Amino acid sequence: MNKIADKVDFDNLLKCLEELDTQREYAYKESRQILICFPRIFMLLHDEKYAEAKDLLKQIETKIKKLQSEISLRWQKYLFPVQIEYVEAYTYLCILQEAKVPSKQEIDVEVDAYLFGLLDCIGELRRAVYDYINQKNYSKANFCFNSMKIIFEKIFPLSYFDNVIPGLRHKVDLARKLIEETYVDLTKINTFKM
């Protein structure tokens, strides 16, 4: 007589899988709820409503930490995009306010989320450069451009760790392209100002 049916508890396996699926759905849903807050934060930052943006970022930080403690390591991958956006927004706020940019330890995220968030911030800073140029605030535009370059210069030497953090080199290459394009545009504007 075949004893497989006696040894494999299919009902228990089904229950385990249903529990895992419930945890996965919770992690995914909560992460999405946090992610949808970021467009509003970036809008506030572009409108220079820093206090309001900072308050929202504090609320998001609390939600991230709560979710991180509630979900198992298996589902932490759903937090990754949230952490990237958080680093990007927090860094962008600090730069716009000319404050110290937080370290990885201070912001308390994984190294890949931290690096990707910093690199994504270069795109937001590029937009800020053009916003300040339109406002004829050239010193702030140059400050944002220099911030783009500093972030890039700090991260560029790490791009050979692409085998450890897949996609890092590609992100670094995109950041370089944004900086080069912004430099060309700034050069044209400075030429026309003379």
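First, a word on scope: everything that follows refers to the structure included in this document.

Reading guide: rules and limits
- Residues numbered from 1 in each chain as written.
- Predicted model: local features only at pLDDT ≥ 70, side-chain atom pairs only at ≥ 80, totals over all residues.
- Heavy atoms only, no water.
- Helix = DSSP H or I, 4+ residues; strand = E, 2+ residues; numbered from the N terminus.
- Rg over C-alpha atoms; globule rule 2.2 N^0.38 Å.
- Buried < 20%, exposed > 50% of the residue type's maximum accessible area, 1.4 Å probe, protein only.
- Contact = heavy atoms within 4.5 Å.
- Areas by Shrake-Rupley, 256 points an atom, 1.4 Å probe, with all protein chains shown as cover.
- Expected span 1.5 Å × (residues − 1).

### Description of the overall build of the protein chain
Here comes step 1: Helices and strands together make up the secondary structure of the protein chain, namely nine helices and zero strands.
Here comes step 2: For the protein chain, the sequential pattern of α-helices and β-strands runs α-α-α-α-α-α-α-α-α.
Here comes step 3: Relative to its length of 194 residues, the protein chain is extended, with a C-alpha radius of gyration of 22 Å against a globular reference of 16 Å.
Here comes step 4: In terms of principal-axis extent, the alpha carbons of the protein chain reach across some 95 × 35 × 25 Å.
Here comes step 5: Taken over 194 residues, the protein chain has a buried fraction of 38%.
Here comes step 6: Look at the contacts in the protein chain between residues 6 or more apart in sequence, and 69% of them connect residues 24 or more apart.
Here comes step 7: Approximately 12,100 Å² of the protein chain is accessible, and the part contributed by carbon and sulfur atoms is 56%.

### Digging into the environment of Ile34
Here comes step 1: Its location among the elements puts Ile34 in helix H2 (residues 10–35).
Here comes step 2: What makes Ile34 buried here is its relative accessible area of 4%.
Here comes step 3: With 134 residues separating them in the primary sequence, Ile34 and Leu168 have C-alpha atoms 24 Å apart.
Here comes step 4: Those residues in contact with Ile34 that sit more than four places away from it in its chain are Ile60, Lys63, Ile64, Leu67 and Val82.

### Side note on H2
Here comes step 1: With 26 residues, H2 should reach 38 Å at 1.5 Å per residue; the first-to-last C-alpha distance of 37 Å fits that figure.
Here comes step 2: Residues of H2 that are buried include every one of Ala27, Ser31, Ile34 and Leu35, and no others.
Here comes step 3: Here the buried face of H2 lies against helix H3 (38–46), helix H4 (50–70) and helix H5 (80–96).

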